[in-house]
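Report on the structure
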Amino acid sequence: MADRILVLGGARSGKSIAAERLLADVPDVVYVATGGDDSGSSEWAERVAKHRARRPATWGLAETIDLVPLLESAGPPLLIDCLTLWLSRTMDRLHVWSDLSRAGEVETHITALAEAWSATPRHVVAVSNDVGSGIVPADAGTRLFRDLMGRLNTTVSLASDQVLWTIAGRILPLT
C-alpha cells in the first residue's frame, strides 16, 4: 500500500467512498474533516451525517484546516476529506474572496501543505475535487479558486505515491 494517496474526481463521483475503502481495514484512522461546521444549514448537516454513518466507530476525528501539523507528526493514518474545502476555508480565513490580491498568501499555504505532504511519516489518503474540467467561470474570484485548486491538486499529485481518479463510482489509477 502506498504512503501518500490522492483521490481525485468530480462532484459526487465516489471520491470519499473510494478513500474510505482504501483504509477500511485499518482500525485507528484519523478522519480529518476540513469542511467546517456551517451551522444552520440542514443540507450540510445531512451530508456530514452520511459521512459519519459510513465511518468505522474506531476511527478518530479531527475537524480542522490546520493540516501541516497533522502531516508533520507521527501517528495513525490520516484520511483528509477534502482538499477542496481546505482551499475554500483557507481563502475564507485569509479574506481572499474580498481581496483577490491576497492570492499569494494562499500560494504560501499550498506550498507549506505540499511540503508537509511530501515529508509526512504517516500513511495518508486525501480527497480532492477536480474543478478545472468545466467552463471558465464568469467572475474573477471563482476563476482564482479554480486556478488555485488546479495548482494544489497538481502539487499534491506530483508528491503522491499513487493518484486515483474516480468517475461514476469507478476508480482509475493515474500514472
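Scroll up for the structure.
Nothing here was measured: the structure is a model prediction, and the numbers come from that model.

Conventions used here
Residues numbered from 1 in each chain as written. Predicted model: local features only at pLDDT ≥ 70, side-chain atom pairs only at ≥ 80, totals over all residues. Heavy atoms only, no water. Axes fitted to C-alpha atoms, helices over the stretch in contact; angles between N-to-C directions. Helix = DSSP H or I, 4+ residues; strand = E, 2+ residues; numbered from the N terminus. Parallel < 35°, antiparallel > 145°, perpendicular 65-115°, else oblique. Left-handed = near helix turned anticlockwise from the far one by under 90°. Contact = heavy atoms within 4.5 Å. Nonpolar A, V, L, I, M, F, W, Y, C, P; charged D, E, K, R; others polar. Phe/Tyr/Trp six-rings, centres within 6.5 Å; stacked < 30°, edge-to-face > 60°. Lys NZ or Arg CZ within 6 Å of the ring centre and 35° of its normal. Buried < 20%, exposed > 50% of the residue type's maximum accessible area, 1.4 Å probe, protein only. Lys, Arg positive; Asp, Glu negative; His and termini not counted. Salt bridge = Lys/Arg side-chain N within 4 Å of Asp/Glu carboxyl O. Pairing = 2+ DSSP bridges.

Where helix α4 (residues 83–93) contacts helix α6 (residues 140–158), the axes come no closer than 10 Å and their chain directions differ by 130°. One way to sum up the angle between α4 and α6 is to call them oblique. α4 and α6 meet at a crossing whose hand is right-handed. Taken together, the residues of α6 that come into contact with α4 (itself represented by L83, T84, W86, L87, S88 and M91) are L144, F145, L148, M149, L152 and V156. Residue classes in the contact of α4 with α6 are distributed as ten nonpolar, two polar and no charged.

Taken as a whole and judged by the stated rule, the model has one aromatic pair. The ring of Y31 has R55 lying over it, and the distance from NZ or CZ to the ring centre is 3.8 Å.

Here we take up the side chain of R55. Residue position: R55 is located in the loop between α2 (42–54) and β3 (60–63). No salt bridge is formed by the buried R55; the nearest opposite charge belongs to E20, separated by 5.6 Å. Apart from the residues lying within four places of it in its own chain, the contact partners of R55 are Y31 and L61.

Here the focus is the pairing of strand β1 (residues 4–9). The element β1 is extensively covered by neighbouring structure, given that six of its six residues are classed as buried. Of the two faces of β1, the one carrying R4, L6 and L8 and the one carrying I5, V7 and G9 are both buried. As defined by bridge partners, β1 adjoins strand β5 (residues 124–129) across six bridges and the pair is classed as parallel. Paired with L8 across the strands is S128, a residue of β5. Judged from the five bridges that link them, β1 and strand β6 (residues 162–167) form a sheet pairing that is parallel.

Right, let's talk about the sheet that holds strand β7 (residues 170–174) for a bit. Pairing in this open sheet of seven strands is mixed, and the strands run β3-β2-β4-β5-β1-β6-β7 from one edge to the other. Only two strands of the sheet have a single partner each, and these edge strands are β3 and β7. Mean inter-strand twist for the sheet, computed between neighbouring axes without regard to direction, equals 20°. Pairing of strand β2 (residues 30–33) with strand β4 (residues 78–81) involves four bridges; the strand directions are parallel. Note on β4: the bridge partner recorded for V32 is I80. The strands that α4 touches are β1, β4 and β5; relative to β5, the one it contacts most, it runs at about 70°.

As far as function goes, none of this settles anything; it's purely spatial.
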